[in-house]
Every structure is written in C-alpha cells, then in structure tokens.
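Architecture at a glance
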Protein chains: 2
Amino acid sequence: MVRVLNGGATVSADRTERVIRAVKELDYVTNGVAAGLSRGRTGLLGLLVSDIANPFTAQAARGLEDEAVRRNYQVLISSSDFDPGREAQILKSFARRTVDAVALMSTGEAAEGVQRLIRNGIPTVLIDRRPPDVLSVPLVRTDSLSAARDAVRHLIALGHTDLGMISGPPGMATAAQRLAGFRAACTEAGLRVRPECVREGFLGSEGGHRAMLEILDLPVRPTAVFSFNNMLAVGALGALRERGVHLPEDLSMITFDDTDLFPFIDPPLTAIAQPAYEIGSAAGKLLFDELDGIAGPAAGRDVVLPTELRVRRSCAQVTATRAADRIQ
Amino acid sequence: MVRVLNGGATVSADRTERVIRAVKELDYVTNGVAAGLSRGRTGLLGLLVSDIANPFTAQAARGLEDEAVRRNYQVLISSSDFDPGREAQILKSFARRTVDAVALMSTGEAAEGVQRLIRNGIPTVLIDRRPPDVLSVPLVRTDSLSAARDAVRHLIALGHTDLGMISGPPGMATAAQRLAGFRAACTEAGLRVRPECVREGFLGSEGGHRAMLEILDLPVRPTAVFSFNNMLAVGALGALRERGVHLPEDLSMITFDDTDLFPFIDPPLTAIAQPAYEIGSAAGKLLFDELDGIAGPAAGRDVVLPTELRVRRSCAQVTATRAADRIQ
DNA sequence: TTGTACGCGTTATCAG
DNA sequence: CTGATAACGCGTACAA
C-alpha cells in the first residue's frame, strides 16, 4: 500500500487500483506525525515574529508561506510580542517539534535559542535584524542605516535644521541602525541633534503615541521627526491629532516602513518602503537552499534588499521666515 | 527520566537531580513528534485564512494565538488565497498532521474538507462565515446583515437616494449578507437600487480598485458607495484618487471593517468596526472548550460579536441643490 | 521507587 | 514485484 501511495516503487496494476479504491472509500490520509517521526522531517517551518498583526510582519510571513507552499511545507507562526522570555520559549518549542527550519525576527536576545537550533542542525535565518551575538546565521534585511540617512538627508535638503526621532529599543539592531543613520545625516550636514529630541525605547502604536507626545511637549519642538517604523508612525499620528498639530505645516514627519494606506493619509506620508513580502520569500529561499543541500549554513549569505524613499507630502520646506519665527 | 521530566510520579531526590543535570548539560528537549504520535495529540491548532496579510485576518489570528499560548498550543496558519482547491489541500494537510483543532475562514466550498475533520473527531470552528453546506460546526462572526443595514441607513439619513455597493463573490456568505443588508435598508426606505450600481465578485485591493472604477465610469454615478471590506476600500481609494474624485464632496463612501489608519485618511473613513481580535480569541475558546470536553460539538454555539459604526467624515449630507444638479 | 516492554503509524530495508 | 520487520522516540502500564 505504501508503495502505491508514495509512488516510486513499481506495483502491479490491479493492486494499485484496489488500494486507491479502498483509500477513497475510507478517505484515508497518512498520518503525518508518524511519517515525521520515521523520516526525521516534519515539513514544518517555524516563523518567529514580534507580532503577526503588524502589517510588515504579516507581509513577510506571507512571502515565506508562499515559498513554503511550493515545497509542500507549512508555516508555524508564533508572536514573541518583543518579549525575550517568550521568544526563548518559542524557539525551544520549535526545537521540540523538530521543525525543519526556522526564520526569526528576534527581539535581540535570542542567542541561546538560536544556538540550540544550529546545534540540532536546524537551518535558521534571521529576518530584519541580527541579535548581537548571533553570527553564523544568514540575515535577510534592508540597509536600515543608509535608508535612514537618505530619509534624513531629504529632511535636511528641505531646510530642516532641528530634527527629532522616535525610535525603538536601543538593543534592537534596526533601531540602533536607523538612529545611527539619522545621526550620520545630521553630522555630515553639521547639524547638532538636541538629546531631548531623540526618544528611544518605544514600540507599538501606543509607544509611538507616547513618544510623539513627549516630543510635542518639548519647550522647543524640532521641526521634523523621523519615525522608526510603521507602528510608531500610526501612534504618532494619533498624538498629533490630539494636540492639533498639523502635518506638514506645524511639523514634518517621515517614517520607516510604508503601508497601503500611507498614500491616503492626510497628508500622504513620506515613507521608506521595505519589500516585506520579498524579505519573507528570500528568507524562505535561503532556508530551502540549505535544506536541499545547495548551500551550507556558511556566513556571507546575507541578503540585502533595496528600500525606496517615497516622497509624499508630510514634509514641508522650511522657509526663512518660519525658521526665524522659531528663533525668537 | 520520563518521570522526572513529566512530573506526576514520585522519584528519588538524587535521581531527579542527576537527570535534570544531564538534561541541562546536553540541553535535551523531548521530541514532540514522538510524543504526539504516542499521545495522539500534537498541541497544534490549524488556522485556515484567506490571506494572513489582510489586517482583519492578522488580528483574528493574533487573538487565536493568544488563546492558544495559554494552553501551550501553537498555531499553524495557512492562506487559501480564496482558492477552494488550495483550501481543500490545506484542510487535508491539517487532517494529515492530526492537528488537535481547526479554525477556518472558508472560501465557501469547504464542505468535504470540514466533513473529514469532524469525522476524524477534530474540533472545528468557522470564523466570519459559514459555507453553504456546513452545519454542525459553530461559527464566530458579527451580524453582517444588520451592521450593513445600519450603515446604509446612515447614508440614507444623510439624504442619499442613489446608492452603490462594491461587494465580494456572491458565494461568500458575508458578501451575500452585507449586500442583503444594503438592499434591506434601501427597500425599507423605498429606494430603488440601480442594478449597475451593485458590483459583485471583487476581492483584494485591486478588486476594489477595479470595482470603483466601474462605478465611476457609470453614466450616472451613485452618490454614495458601500464597500464590502477593508481591502476593497483601500483599492477604491486608489481609484478615486486616479479619477480625481474627492470624498465626500463628489461621492460618499462607507466600508465594512475598520483599520488603525482609517481615522487618518483624507477624509477620515466612516467604517463598521469588527472586533477582529476578539473573534479570533472567541474561536480559540470554543475550540478549547471542546478539547477540554466542556462542550460538545453541538450546534447552537454560534458566537455573534458586536460591531460599531464609526462615523467619520467620508459621507456627506446631500443638499437639495446637489441632488438637483444630478438630475439635470 | 525503579526497570522494562509494548504500541503509536510510518519509512526503509532486506528477503523472498 | 511483494511481504515481513526493524527503527523513529515517547507514553503508559505492569512487574519487580
């Protein structure tokens, strides 16, 4: 029976036919758990994300899934909610389930968990960011630093000289990189960044909300703000509305990550678009290359995908008079 | 060893200690596949959605996941992309993997797949919509019909008398219900709905795009349009922009589903909010009730969650003069 | 308290 | 081409 179902072997015609009929009748399905135990492969991909409800994440997940479907794989998605403890649990459960490969958007403290995975010979890739002490695992990402720098240069080209940023936890690689890009652009333009204009450690839309309120409550507001990601930007929009601050007349804003709806916001949000879906599928390809033995787990396999600065209308040109206004 | 790891049995102190030390040293993790085979339970929940990248879906998935995490379960998410064939495959693979329970947002033709699940004794719940011939499985949803009717009543109260709708495939229960609600509101107000103003069969944002273009190209445009869901609405916004049609002066629009960003759109979109997260967690609770033997797979367990009409500024009052304009 | 043997449903291998 | 059988690693029941 096995032979007719799994194919490959040669079976007599009548036997084949009898078997398929019986299978139809009982609508028998082979037990994948038993098969997994026997073969040592489960056909499962583990995907650890911070929050599947984040559009960027969901898109990436979709990219990975589509890649998985081609090979008859399925994806086990778990959200860590930026909690390192939770992340460790999830990674452990991936190991327990002996998923065939793992992709993860780490909080930044996943070292042990990842070590276990590679020790168990489970192909692993990082998405978006690399935890400090996890080398030897490929990473699929965009160039946060230079994308952020370009975005801030755009602000500076518009005449802004007093900039602010709302950023994520310093320990998160992308947050650090985007902040570094922000500072790099300022430095090269000879601009001083007021420390109080850089608010770090925020996550999620209500994090963005709080961060923007803090900036708006500053004695002297910056004229432009750079947001670490889409979620923070959404929260920031809420804060702006509450305070009656209008983009771009009262403040300019630019954000990392783009969304279907950013073009339709009032005003359309200038944003740095990342190819989320492609990031996910690239991660999938890397994983399958390794599973197929095409590539080893060697380093040097990082994939850097391009970003695109989409200039819309949330950033205003600073006029001489307005600059003067602020000085007084 | 088993006894110390799994607890329950009584084991001598030194043995316990030696075991845990050895486990630590080798960082041994029990093989979940083998355990699953032996116990007949995998600790897996299957979640079949149309598209995990849809924000509504992602939120619901998150709700289900959070409920699952409490019981040490994980969620296997698969996107059908509204393809019945794909959906059948996924359901079959859920059966093969012997997931412990399944939640699904069906395309509408999942009868066979679901039958197999219940025959195999796998607790199953429907989310959002019930395929025509699948009874005997509980459904978690909102009241599409009355929510749609209320929304359209809102339009009518504003003075609109010539309404349009862009809807999903007629075979999708929610699409049918929302359209029915639309018609009900019109009928009770004595309004005639021009057939060409009802565009059915669209999905995804580019579906919404096409549908809205069709409406805009009508010889006589309706004054207000009701959108079946969030994705269609996003596509519709793009179409409006292309054609230079402005909400709400040139056209009023209202949509099923709300989003973080709809309040910030220009103009803020009036929308019917569904508690997506709660829908997901309710589905999870139903599933676990059945797994825990608290409840049988009996019918009558449907859960209907409330919606909320969030009136913003995408719908205009129709003035007598403007109505007159159209007549000429 | 501890050791041991069997079964879970496949896959893979080896004889026939 | 076909049938029989040993893993796979863990639960569980039973014996010591």
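Residues numbered from 1 in each chain as written. Chains lettered and ligands numbered in written order. Predicted model: local features only at pLDDT ≥ 70, side-chain atom pairs only at ≥ 80, totals over all residues. Heavy atoms only, no water.

The name that an unreviewed UniProt entry assigns to chain A is HTH lacI-type domain-containing protein, with the source organism given as Streptomyces malaysiensis.

Residue and element names in this part refer to chain A. Where helix H4 (residues 55-70) contacts helix H11 (residues 276-291), the axes come no closer than 6 Å and their chain directions differ by 40°. One finds that H4 runs oblique with respect to H11. Seen from above, H4 lies across H11 with right-handed handedness. Contact with H4, carried on its side by Phe-56, Gln-59, Ala-60, Arg-62, Gly-63, Leu-64, Asp-66, Glu-67 and Ala-68, involves Ala-276, Tyr-277, Ile-279, Gly-280, Ser-281, Ala-283, Gly-284, Lys-285 and Phe-288 of H11 and no other residues of that element. (Axes fitted to C-alpha atoms, helices over the stretch in contact; angles between N-to-C directions. Helix = DSSP H or I, 4+ residues; strand = E, 2+ residues; numbered from the N terminus. Parallel < 35°, antiparallel > 145°, perpendicular 65-115°, else oblique. Left-handed = near helix turned anticlockwise from the far one by under 90°. Contact = heavy atoms within 4.5 Å.)

Time to look at helix H5 (residues 84-96) of chain B. With 13 residues, H5 of chain B ought to run about 18 Å at 1.5 Å a step, and its terminal C-alpha atoms sit 18 Å apart, in line with that. For H5 of chain B, the full list of buried residues reads Arg-86, Glu-87, Ile-90, Leu-91, Ser-93, Phe-94 and Ala-95 of chain B. As for H5 of chain B, its buried residues are in contact with H4 and strand S2 (74-79) of chain A together with strand S1 (44-49), strand S2 (74-79), strand S3 (101-104) and helix H6 (111-119) of chain B. Residue Asp-83 of chain B occupies the N-cap position of H5 of chain B, its side-chain oxygen lying 2.8 Å from the main-chain nitrogen of Gly-85 of chain B. Phi for Thr-98 of chain B, located one or two positions after H5 of chain B, is positive at around 50°. (Expected span 1.5 Å × (residues − 1). Buried < 20%, exposed > 50% of the residue type's maximum accessible area, 1.4 Å probe, protein only. Polar contact = N/O pair within 3.5 Å; in protein donor to acceptor, adjacent residues only side chain to side chain.)

Turning to the relation of the copies chain A and chain B, a few remarks are in order. Each copy of the sequence occupies a distinct position, and chain A is placed on chain B by a rotation of 180° and an axial shift of 0.0 Å, giving an RMSD of 0.1 Å. A rotation of that kind, with that shift, is consistent with a two-fold axis. In this assembly, 100% of the residues forming the interface of chain A have copies in chain B that are likewise at the interface, indicating an isologous arrangement. (Least-squares fit on C-alpha atoms with pLDDT ≥ 70 in both.)

This paragraph deals with the side chain of Ser-144 of chain B. Residues and elements named next belong to chain B. Structurally, the position occupied by Ser-144 is in helix H7 (residues 144-157). Judged by relative accessible area, which is 1%, Ser-144 ranks as buried. Engagement of the side chain of Ser-144 in a polar contact is seen with the side chain of Arg-178, the distance being 2.9 Å. Beyond its immediate stretch of four places on either side in the chain, Ser-144 contacts Thr-174, Gln-177, Arg-178 and Phe-256.

Take the pairing of S3 of chain B next. One face of the sheet, then the other: side chains in a regular strand alternate in exactly this way. Residue and element names in this part refer to chain B. Burial along S3 is two-sided: Ala-101 and Ala-103 facing one way and Val-102 and Leu-104 facing the other are all buried. Bridge analysis of S3 against strand S4 (residues 124-127) gives three bridges, and the strand direction is parallel. Along S4, the bridge assignment pairs Leu-104 with Leu-126. Following the backbone out of S3, through H6 and into the adjacent parallel S4, one traces a crossover that is right-handed. (Pairing = 2+ DSSP bridges. Right-handed = clockwise from strand over helix to strand, strands pointing away.)

This part covers the packing of helix H5 (residues 84-96) of chain A against helix H6 (residues 111-119) of chain A. All names here are of chain A. Between H5 and H6, the shortest axis-to-axis distance is 9 Å and the interhelical angle comes to 10°. Considered as vectors, H5 and H6 are oriented roughly parallel to each other. As H5 packs across H6, the resulting crossing turns out to be left-handed. Taken together, the residues of H6 that come into contact with H5 (itself represented by Leu-91, Lys-92 and Ala-95) are Gly-113, Val-114, Arg-116 and Leu-117. Residue composition of the contact of H5 with H6, by class: four nonpolar, one polar and two charged. (Nonpolar A, V, L, I, M, F, W, Y, C, P; charged D, E, K, R; others polar.)

Time to look at unusual backbone geometry. Omega for the peptide link from Leu-247 of chain A to Pro-248 of chain A comes to -10°, which places this bond in the cis form. Inspection of the secondary structure puts Pro-248 of chain A in the loop between helix H10 (230-243) and strand S9 (252-256). Residue Asp-266 of chain B is joined to Pro-267 of chain B through a cis peptide bond whose omega torsion reads -5°. For Pro-267 of chain B, the position within the fold is in the loop between strand S9 (252-256) and strand S10 (270-273). Its identity is not glycine, yet Asp-81 of chain A carries a phi of approximately 55°, on the positive side. Note on placement: Asp-81 of chain A falls in the loop between S2 and H5.

Enumeration according to the criterion identifies four aromatic pairs over all chains in this entry. Between Phe-182 of chain A and Phe-226 of chain A, the ring centres sit 6.5 Å apart and the planes meet at 10°, which makes this aromatic pair stacked. Here the residue Phe-182 of chain A occupies a position in helix H8 (residues 173-188), and Phe-226 of chain A occupies one in strand S8 (residues 224-227), the gap between them amounting to 44 residues. Of the two residues, Phe-182 of chain A and Phe-226 of chain A, neither departs from the other in class, the shared state being buried. Ring geometry for Tyr-73 of chain B and Phe-288 of chain B: centres 5.1 Å apart, planes at 80°, overall edge-to-face. With Tyr-73 of chain B in the loop between helix H4 (55-70) and S2 and Phe-288 of chain B in helix H11 (residues 276-291), this pair connects stretches of sequence that are 215 residues apart. A residue is classified by how much of its surface remains accessible, and Phe-288 of chain B, at 2% relative accessible area, is buried. Positioned over the ring face of Phe-256 of chain A is Arg-178 of chain A, at 3.6 Å from the centre of the ring. (Phe/Tyr/Trp six-rings, centres within 6.5 Å; stacked < 30°, edge-to-face > 60°. Lys NZ or Arg CZ within 6 Å of the ring centre and 35° of its normal.)

Accessible area lost upon the coming together of the parts serves often as the stated size of an interface. The interface is formed by 51 residues belonging to chain A together with 51 residues belonging to chain B. Between chain A and chain B, a total of about 4600 Å² is buried, with carbon and sulfur atoms accounting for 57% of that surface. Inspection of the region where chain A meets chain B yields eight salt bridges. Where Arg-116 of chain B meets Asp-27 of chain A, a salt bridge forms, and the shortest distance between an N and an O atom there is 3.3 Å. Here chain A is connected to chain B by 28 residue pairs in polar contact (both at pLDDT 80 or more). Listed by contribution, the elements that provide at least two residues to the side of chain A that touches chain B are helix H3 (32-39), H4, S2, H5, H6 and H10 of chain A. Among the elements that take part in the side of chain A that touches chain B, H5 of chain A stands out by supplying seven residues, more than any other. (Buried area = accessible area lost by both parts, 1.4 Å probe. Salt bridge = Lys/Arg side-chain N within 4 Å of Asp/Glu carboxyl O.)

All right, on to a nonpolar patch on the surface then. On the surface, a nonpolar cluster with roughly 410 Å² of combined accessible area is contributed by Met-1, Leu-5, Leu-26 and Tyr-28 of chain A. Structurally, Leu-5 of chain A can be placed in helix H1 (residues 2-6). (Patch = residues over 30% accessible without salt bridge, like charges linked within 9 Å, V, L, I, M, F, W, Y side chains within 5 Å. Areas by Shrake-Rupley, 256 points an atom, 1.4 Å probe, with all protein chains shown as cover.)

Time to look at the pattern of salt bridges. For the structure on display, the rule yields 42 salt bridges over all chains. Notably, a salt bridge pairs Asp-51 of chain B with Arg-62 of chain A, separated by 2.8 Å at the nearest N-O pair. On the criterion of chain membership, the pair formed by Asp-51 of chain B in the loop between S1 and H4 and Arg-62 of chain A in helix H4 is interchain, its members lying in two chains. Just as Asp-51 of chain B is buried, Arg-62 of chain A falls in that class too. Close ionic contact of Glu-188 of chain A with Arg-153 of chain A constitutes a salt bridge, the shortest N to O distance being 2.5 Å. You can see Glu-188 of chain A sitting in helix H8 and its partner Arg-153 of chain A sitting in helix H7 (residues 144-157), a full 35 residues away along the chain. Overall, the relative accessible area of 33% leaves Arg-153 of chain A in the partly exposed class. In the salt-bridge network here, residues are joined through shared partners; they are Asp-51 and Asp-81 of chain A together with Arg-62 and Asp-66 of chain B.

Once that is clear, we can look at H6 of chain B. Residues and elements named next belong to chain B. Those residues of H6 that fall on the buried side of the exposure criterion are Ala-111, Gly-113, Val-114, Arg-116 and Leu-117. Where H6 is buried, its residues contact H5, S3 and S4. With its phi angle positive at about 75°, Gly-121 sits one or two positions after the end of H6.

Looking at DNA strand D, there are 17 residues lining it, with Arg-3, Thr-10, Ser-12 and Arg-15 of chain A together with Tyr-28 of chain B nearest. Tyr-28 of chain B places a side-chain nitrogen or oxygen 2.5 Å from a phosphate oxygen of DNA strand D. Ser-38 of chain B has a polar side-chain atom sitting 2.7 Å from a sugar or linking oxygen of DNA strand D. Those elements that place two or more of their residues in the surface near DNA strand D are H3 of chain A together with helix H1 (2-6) and helix H3 (32-39) of chain B. Broken down by element, the residue count for the surface near DNA strand D peaks at four residues, all from H3 of chain B. (Near = heavy atom within 4 Å.)

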